[in-house]
Amino acid sequence: MIYFDNSATTKALPVVLDTYRKVSEDFFGNPSSLHAVGGKADEMLQSARAQIAQLMQAKPDEIYFTSGGTEGDNWIIKGTAIEKRPFGKHLITTAVEHPAVINTMKQLESLGFEVTYLPVDKRGFINPADLKAALRDDTILVSIMAVNNEIGAKQPIDEVAKILTAYPNVHFHVDAVQAIGKGLMPSLRNPRIDFLTFSGHKFHAPRGTGFIYMKEGKHLAPLLTGGGQESNLRSGTENVPAIAAMAKALRLLLDDEAGKVAHQAAIRQRIYEHVAQAANTVMFSQLTPDFAPHILTFAIAGVRGETIVHAFEQHDIYISTTSACSSKKGTESSTLAAMRVPDNVATSAVRISLDEYNTLQEADAFNQAFDQVYAGFKKLMPAHAE
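Quick caveat, the model's predicted, so the values are computed rather than measured.

1. Focus: unusual backbone geometry
Peptide bonds are, in most cases, trans, and in most cases residues other than glycine have a negative phi. The phi angle at E230 is positive, at roughly 50°, despite the residue not being glycine. Note that E230 resides in helix α8 (residues 229-232). You can call E230 buried: its relative accessible area is 5%. Although it is not a glycine, R340 sits at a positive phi angle of roughly 65°. Inspection of the secondary structure puts R340 in the loop between α13 (334-338) and α14 (343-346).

2. A closer look at empty space enclosed by the protein
Scanning all chains against the criterion turns up one cavity of 30 Å³ or more. There is about 110 Å³ of room inside the largest cavity. As for the largest cavity, its lining consists of 15 residues, of which N6, T10, K182, K202 and H294 are closest to the centre. Grouping the constituent residues of the lining of the largest cavity by class yields five nonpolar, six polar and four charged.

3. Observations concerning the pairing of strand β7 (residues 195-199)
For β7, the tally of buried residues reaches five of five residues, placing the bulk of the element in the interior. Every second residue of β7 is oriented toward a common face, with F195, T197 and S199 on one face and L196 and F198 on the other, all of them buried. Pairing analysis gives five bridges linking β7 to strand β8 (residues 210-214), with the strands arranged antiparallel. In the strand pairing of β8, L196 is matched with Y213.

About the thresholds
- Residues numbered from 1 in each chain as written.
- Predicted model: local features only at pLDDT ≥ 70, side-chain atom pairs only at ≥ 80, totals over all residues.
- Heavy atoms only, no water.
- Helix = DSSP H or I, 4+ residues; strand = E, 2+ residues; numbered from the N terminus.
- Buried < 20%, exposed > 50% of the residue type's maximum accessible area, 1.4 Å probe, protein only.
- 1 Å grid on protein atoms, 1.4 Å probe; cavity = no way out; pocket = protein on both sides within 12 Å on 5 of 7 lines; lining within 4 Å.
- Points joined across faces, edges and corners; volume = space filled by probe spheres on them.
- Nonpolar A, V, L, I, M, F, W, Y, C, P; charged D, E, K, R; others polar.
- Pairing = 2+ DSSP bridges.

Dropping the structure here:
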């Protein structure tokens, strides 16, 4: 099997699962309990928090645990809206965000907030000048993803941060779910960023894990109220085994990050150069430095994306349409639509997404399968196909 759908989810590493099992057995107490068994669990919880903080070059009290990217995005956006409602009801995001951001913004619009959706160019990038023009006196939040989950475009986070230095009261949130471990740490550590969202199952941790970074001195209203866990900001008994496993996975991910990024980029390049030679392919991801190293999205014009996915599945190769969150619904790519890609091409898009454990041999096997798949689809293609 060749698994090229790592942006949808990654396989939990055996050593990470070992950590989960061991912590489940040895630190099973509720970390909020007063007795010694609970105290041991709390020590493990705080140790994991400290480890993640060190890896992120943050302080332990700036790390808050969540169930994943969707909760993190919802909490930061809605928490800002509730917390800063007396100061304004205007939020800014982009037209190409993950549904966890877009749909949260739409829900806030139904509650009386106003949202500006920044457009993107034909390559999928916002223009920082558009952001500057959109800022208003009542703007309370700017939320912009670091890496687009559909095509891998790296948004100009540092340029946005520079603009927002003149607006210190505006919360700046970056969805970093697709960016962690992909060579973007200098940008993610930009001191102007107030909030970051991360999801554990994107880097070989168990599903249902995640964390947010909240800069010291910033405030969010809680969405989950109850027993007061996570400094009264995210109630619910912490999943200590999964959190410890996530900390282990993050440490492994960031070890020799540069080497892993170069490895993924080499695999992507080998596939890109082969696929791009076919007459009827359209390449949405590029090999330029402003695209992440692990995502390659292309279309075979005239063939629907789900048909391409199933054709590769016959070769035991697993890819996806542009977003796992929308693929089963058959909805078109919001990113490609925002890039003004014609519907008949956008519906043909498929995504390859890599991790550090994929190999160049897998890339060669994919290319061989591509030739067979492409040949089989020729009869479905427009007349000008080769």
